[in-house]
Amino acid sequence: MDIGTNIRAIRKRKNITIARICEDTGLSQGFMSQVETNKTSPSIATLENIAGALGVPLAYLLLKKEERMRIVRQGERKITTSGPERLKVEHLGAAKSMRMMLVELPPGGSTGEEPRAHEGEEVHLVVRGRIYAEQGEDAAEFGEGDSFSWNACVPHLVRNIGEDTAVVLIAVYTETEQAETRYDR
């Protein structure tokens, strides 16, 4: 872990001196210097004091870089196509076993000819248009603002039944980090 580097970065970003941290925590400047250069590993109680002096939650100091907030600006989204109809998929963000995407379905477009299953759970929000969704024996039509969810291990499909392009916001959770859904293809 790179806790010391995290502490130093937060301290510098907040314009807090080592002397101020030491004053607030009762730690020596030498010890704090060793912490920030990752030459010593402080106890959880000490980290809690340092976190308090920095004004951040203890858990934030323990996060790895890849676990911190990731930002995807609108113009920087990864865009792929999916299925034989080449549905446009904008990847909004991901965290370990969860990801979100916007899927555009042209009029009559669908996620496939036949319902298919894959690992995970999905939540869908119809942002624009009208869609038909089917999972097993369940089927319904949805309009803007409607949402639905399902366990993706049961064969399912989504089809645009409107006259305009439909846009669906989809959040997918999988037990494994690299599980693939039909939107990743």
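Residues numbered from 1 in each chain as written. Predicted model: local features only at pLDDT ≥ 70, side-chain atom pairs only at ≥ 80, totals over all residues. Heavy atoms only, no water.

Novice: Any chance you could explain the overall build of the protein chain here in plain terms?
Specialist: Within the protein chain, the regular secondary structure consists of five helices and nine strands. The C-alpha radius of gyration of the protein chain comes to 24 Å, more than 25% above the 16 Å expected for a compact globule of 185 residues. Considering only C-alpha atoms, the protein chain reaches an extent of 70 × 30 × 25 Å along its principal axes. Of all 185 residues assigned to the protein chain, the portion counted as buried reaches 37%. (Helix = DSSP H or I, 4+ residues; strand = E, 2+ residues; numbered from the N terminus. Rg over C-alpha atoms; globule rule 2.2 N^0.38 Å. Buried < 20%, exposed > 50% of the residue type's maximum accessible area, 1.4 Å probe, protein only.)

Novice: It is not clear to me how the sheet that holds strand 8 (residues 156–160) should be interpreted in this structure. Could you clarify?
Specialist: Backbone-to-backbone hydrogen bonds join strands into a sheet, with any given pair of strands oriented parallel or antiparallel. Spatial ordering of the open sheet is given by 6-5-8, a layout of three strands whose pairing is antiparallel. Unpaired on one side and paired on the other, strand 6 (138–142) and strand 8 mark the two borders of the sheet. Between one strand axis and the next, the sheet turns through 15 degrees on average, direction left out of account. Pairing of strand 5 (residues 131–135) with strand 6 involves five bridges; the strand directions are antiparallel. What sits directly across from Ile131, in strand 6, is Phe142. (Pairing = 2+ DSSP bridges. Axes fitted to C-alpha atoms, helices over the stretch in contact; angles between N-to-C directions.)

Novice: Looking at this structure, how should I read helix 2 (residues 18–25)?
Specialist: An α-helical segment advances 3.6 residues per turn. Residues three or four places apart therefore align on the same side. Along helix 2, the positions that sit buried rather than exposed are Ile18, Ile21, Cys22 and Thr25. Down the axis of helix 2, the smallest arc covering the buried residues is 100 degrees, so these residues share one side. Looking at the buried side of helix 2, the elements it contacts are helix 1 (3–13), helix 3 (29–36) and helix 4 (44–54). Once helix 2 ends, the next one or two residues include Gly26, with phi positive near 85 degrees. (Arc of directions from axis to C-beta. Contact = heavy atoms within 4.5 Å.)

Novice: Could you clarify how one ought to interpret unusual backbone geometry in this entry?
Specialist: Note: most peptide bonds trans; most residues except glycine with negative phi. One non-glycine residue, Asn38, lies in the positive phi region at around 60 degrees. Look at Asn38 and you get partly exposed, because its relative accessible area is 35%.

Novice: Could you clarify how one ought to interpret the packing of aromatic side chains in this entry?
Specialist: Given two aromatic rings, one states the distance between the centres and the angle between the planes to describe the pair. Counted according to the given criterion, the structure contains two aromatic pairs. Taking 4.4 Å as the distance between ring centres and 25 degrees as the angle between the ring planes, the aromatic pair formed by Phe142 and Phe148 counts as stacked. With relative accessibility at 13%, the residue Phe142 sits in the buried group. Put simply, the rings of Phe142, Phe148 and Trp150 pair up and form one aromatic cluster. A cation sits over an aromatic face here: Arg68 above Tyr60, 4.4 Å from the ring centre. (Phe/Tyr/Trp six-rings, centres within 6.5 Å; stacked < 30°, edge-to-face > 60°. Lys NZ or Arg CZ within 6 Å of the ring centre and 35° of its normal.)

Novice: Help me out: how do you make sense of the pairing of strand 7 (residues 147–151) in this one?
Specialist: Regular strands show a simple pattern: their side chains alternate between the two faces of the sheet. Alternating residues of strand 7 divide into Phe148 and Trp150, all buried, and Ser147, Ser149 and Asn151, none buried. Of the pairings in the sheet, the one linking strand 4 (residues 121–128) to strand 7 comprises five bridges and is antiparallel in character. By the bridge assignment for strand 7, Val123 is matched with Ser149.

Novice: Can you help me understand the packing of helix 2 against helix 3 in this one?
Specialist: Each pair of packed helices can be summarised by the angle the axes make with each other and by the distance between the axes. Contact pair helix 2 / helix 3: the axes reach a minimum separation of 9 Å and the direction vectors enclose 115 degrees. Judged on the interaxial angle alone, helix 3 and helix 2 are roughly perpendicular. In terms of crossing hand, the pair formed by helix 2 and helix 3 is right-handed. Residues Ile18, Ala19, Ile21 and Cys22 of helix 2 touch helix 3, and the partners they reach there are Gln29, Met32 and Glu36. Per-class residue counts for the contact of helix 2 with helix 3 are five nonpolar, one polar and one charged. (Parallel < 35°, antiparallel > 145°, perpendicular 65-115°, else oblique. Left-handed = near helix turned anticlockwise from the far one by under 90°. Nonpolar A, V, L, I, M, F, W, Y, C, P; charged D, E, K, R; others polar.)

Novice: Explanation requested: the side chain of Asn6 in the structure shown.
Specialist: Positionally, Asn6 belongs in helix 1. At a separation of 3.3 Å, a polar atom in the side chain of Asn6 contacts the side chain of Arg68. (Polar contact = N/O pair within 3.5 Å; in protein donor to acceptor, adjacent residues only side chain to side chain.)

Novice: Help me out: how do you make sense of the sheet that holds strand 1 (residues 78–82) in this one?
Specialist: With antiparallel pairing, six strands are arranged side by side in an open sheet as 1-2-3-9-4-7. With one partner strand each, in any of the chains shown, strand 1 and strand 7 form the two edges of the open sheet. Each neighbouring strand pair of the sheet contributes to a mean axis angle of 25 degrees, computed without reference to strand direction. Examined bridge by bridge, strand 4 and strand 9 (residues 166–173) share seven bridges and lie antiparallel to one another. Among the inter-strand pairings, Arg128 is bridged to a residue of strand 9, identified as Val167.

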